[in-house]
Each structure stands twice: as C-alpha cells, then as structure tokens.
Amino acid sequence: MAIDFFEATQDTVRELNKTERGIFDFVVKNMEDVKQMSIQKFAAEMFLSTTSIFRFTQKLGFSGYSEFINSLLVTSFNQPEDILPTALMKQGYPEGYLKNTIETIRVMSETQVSKVMALLARRPSIYILTDDCARPITHYSEKLFIGLGLDAYGPEISYQRQNLVNHITSDDMLIALSYSGQDKEMIDFIERVFLRERPFLLSITRADNNTLESLSDANFYVFAEEVRRGGMDLTSGVSMLMILEILVYMYIAREK
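Remember, it's a predicted structure, so these values are computed and weren't measured experimentally.

Thresholds, definitions, all that
Residues numbered from 1 in each chain as written. Predicted model: local features only at pLDDT ≥ 70, side-chain atom pairs only at ≥ 80, totals over all residues. Heavy atoms only, no water. Salt bridge = Lys/Arg side-chain N within 4 Å of Asp/Glu carboxyl O. Helix = DSSP H or I, 4+ residues; strand = E, 2+ residues; numbered from the N terminus. Contact = heavy atoms within 4.5 Å. Polar contact = N/O pair within 3.5 Å; in protein donor to acceptor, adjacent residues only side chain to side chain. Buried < 20%, exposed > 50% of the residue type's maximum accessible area, 1.4 Å probe, protein only. Arc of directions from axis to C-beta. Phe/Tyr/Trp six-rings, centres within 6.5 Å; stacked < 30°, edge-to-face > 60°. Lys NZ or Arg CZ within 6 Å of the ring centre and 35° of its normal. Core = buried A, V, L, I, M, F, W, Y, C linked by side-chain atoms within 4.5 Å.

Trainee: Before we go on, may I ask you to explain the pattern of salt bridges in this structure?
Mentor: The tally for this structure, following the rule as stated, stands at seven salt bridges. A salt bridge links glutamate 20 to lysine 59; its shortest N-O distance comes to 2.9 Å. Placement of glutamate 20 in helix 2 (residues 18–29) and of lysine 59 in helix 5 (residues 50–59) is noted, with a sequence separation of 39 residues between them.

Trainee: Teacher, can you tell me more about the environment of asparagine 219 here?
Mentor: Here asparagine 219 lies in strand 5 (residues 218–222). A C-alpha to C-alpha distance of 5.7 Å links asparagine 219 and leucine 202, two positions 17 residues apart in sequence. Once you skip the residues sitting within four places of it in the chain, asparagine 219 turns out to touch Arg14, Gln112, Ser203, Ile204, Thr205 and Glu213. There is a polar contact of 3.3 Å between the side chain of asparagine 219 and the side chain of threonine 205.

Trainee: I keep staring at helix 4 (residues 39–46) and nothing clicks. Help me out?
Mentor: Note on helix geometry: an α-helix contains 3.6 residues per turn, so any two residues three or four positions apart are oriented the same way. Among all positions of helix 4, only Ile39, Phe42, Ala43 and Met46 are buried. Buried residues along helix 4 cover an arc of 100 degrees about the axis, so they all sit on one side. For helix 4, exposure combined with an orientation more than 90 degrees from the buried face picks out Gln40 and Lys41. Following helix 4 by one or two positions, phenylalanine 47 adopts a phi angle in the positive range, close to 60 degrees.

Trainee: Would you take a moment to explain the packing of aromatic side chains for this structure?
Mentor: Each aromatic ring pair is described using two quantities: the centre-to-centre distance and the angle formed by the ring planes. Inspection of every chain in the model, using the stated rule, returns twelve aromatic pairs. The structure contains a cluster of three or more aromatic residues connected by ring pairs, namely Phe5, Phe6, Phe24, Phe26, Phe42, Phe56, Phe62, Tyr65 and Phe68. Its end group placed over the ring of phenylalanine 194, arginine 198 keeps NZ or CZ at 4.0 Å from the ring centre.

Trainee: I keep staring at the nonpolar core and nothing clicks. Help me out?
Mentor: Soluble globular proteins: nonpolar side chains tend toward being buried together. Formed by 33 residues in total, the largest nonpolar core has its most connected members in Val116 and Phe145. Mapped onto this core, the elements with two or more residues apiece are helix 8 (110–120), strand 1 (126–130), helix 9 (138–146), strand 3 (173–177), strand 4 (200–206), strand 5 and helix 13 (238–255). With seven residues, the single largest contributor to this core is helix 13. The residues contacting phenylalanine 145, other than those within four sequence positions of it, are Leu120, Ile126, Ile128, Leu150, Ala152, Ile175, Leu244 and Val248. Counting residues in each nonpolar core, the second largest holds 27 residues, with Phe26, Met31, Val107 and Tyr221 among its members.

Just distances and angles here, no functional claims.
As structure tokens, this is what we get:
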C-alpha cells in the first residue's frame, strides 16, 4: 500500500546531498506535474540520467520509480488544497506562498522534533540568534519560550551577543534562524561558544547544505521564495515562526 510522500521521506530526506535536495524541492513544488511523468521525462526535466533519478528514489527509501510515483499519487489525493481560501488561490504568488508554508510543516522530521522535545523537558535557557532577514521575528520567538516558563533571550545587537558568550553553558539551547544558513557573524558566535561549552543547537534554514546546518544538533528547513527590493531582504520569515510555534505547542500538549 502506497504511503504519503512526506511521511515516507521525513527521515531519509535529511541524507540528501545538494543536488538531490534540488530534485526533492522540485518534486514538492511541482507534485501534480511530476506524478504524471515517466522516469525518462522526469530525468529530462532535471537534466539527469534515468539512473540518477532511480538512485534518488531509492535514497528516499522507495524500491524504485514506480513506488515513488504511487506515493506522490496518494499524497496528491490527500493534500488539503480544497480547504484553502479560494481568494488566495486566484493568483500565482499567493498559491505558491501557501504551498511553501504547508510544505515546510509537512517535511518536519519526527526524529528532529523528538530531540527538541527531550531537551525542552530539561528546562534549558534559550538563546535565539537571528540574521538580518530573521531579526524582525526575534521578539515573538523569545515570547514563545518565555510562555513555557523558560529563560529566553534574543540578543539583536552584536555587542549584546558578545556579552552572552561566557554565560552560555552546555545545558542551554541555541536557536539559530537564518534562511541562507551562511551568516558569518552568527556562525562565528556559535563557534566561539563551542570552544567553551557545547549547548544544543537548533537551526532553521533553507533546504540545502549550509554551514549552520552542519553545526546543528537539529535542523528544520523552510521553503520560501527569496524576495529582495531596494537592497533589502524581504524573504518571508513566516515559516520559521510556524516551526517554532509548532514545537512550543507540541511541548505544551505533551505536558498535559
């Protein structure tokens, strides 16, 4: 019996390399088209060989291309598109925006979630690090964990971060929010902390191999369309907040 695509791949997807993640991203964003493609057509679309596509499906945990397609068919049937507000589905970008947020949540790994739940149960102090793009969501992120009764800090200015280096211990938790996963100041700060102590590092980044992910004990990735205007990065931070909210709400539910 075919299994929902996201359920079937929630653990194996983290083992994909950069090229394979690009294929995975294409599948997620174009699922309705991919489900009708032969392996030859899909390979041509990706500019790869059919052998490469076959290996990609096996790396995701499927026996082959047929099982991969059957999983997409089941997932397509179960997708909650019919309950989305029709007003938001009339133009291309709103539809893509909603799909990105839905896909971000659906690919959250249960293994990664369990790691975070286990650490929160130990009541750590939380330190929230953000890059320029994610900085506007610092205060709300801080509020979420304070709401759990935890000590949470969201230093926004460089000197505020530096003052915390000597206060962070191995019992604490760092949360790093960076779409690119390559923010130099953030990475330098984390590496300075790691020279002294080894707190748990949770990161939320885009879906590719990046430096921040490689340093992390748990990583969730977001789908978003990069938006820049007037030299400013306006890429949506909504998906990052959704992940944090879900983690907090799941923890609250487990406490009951």
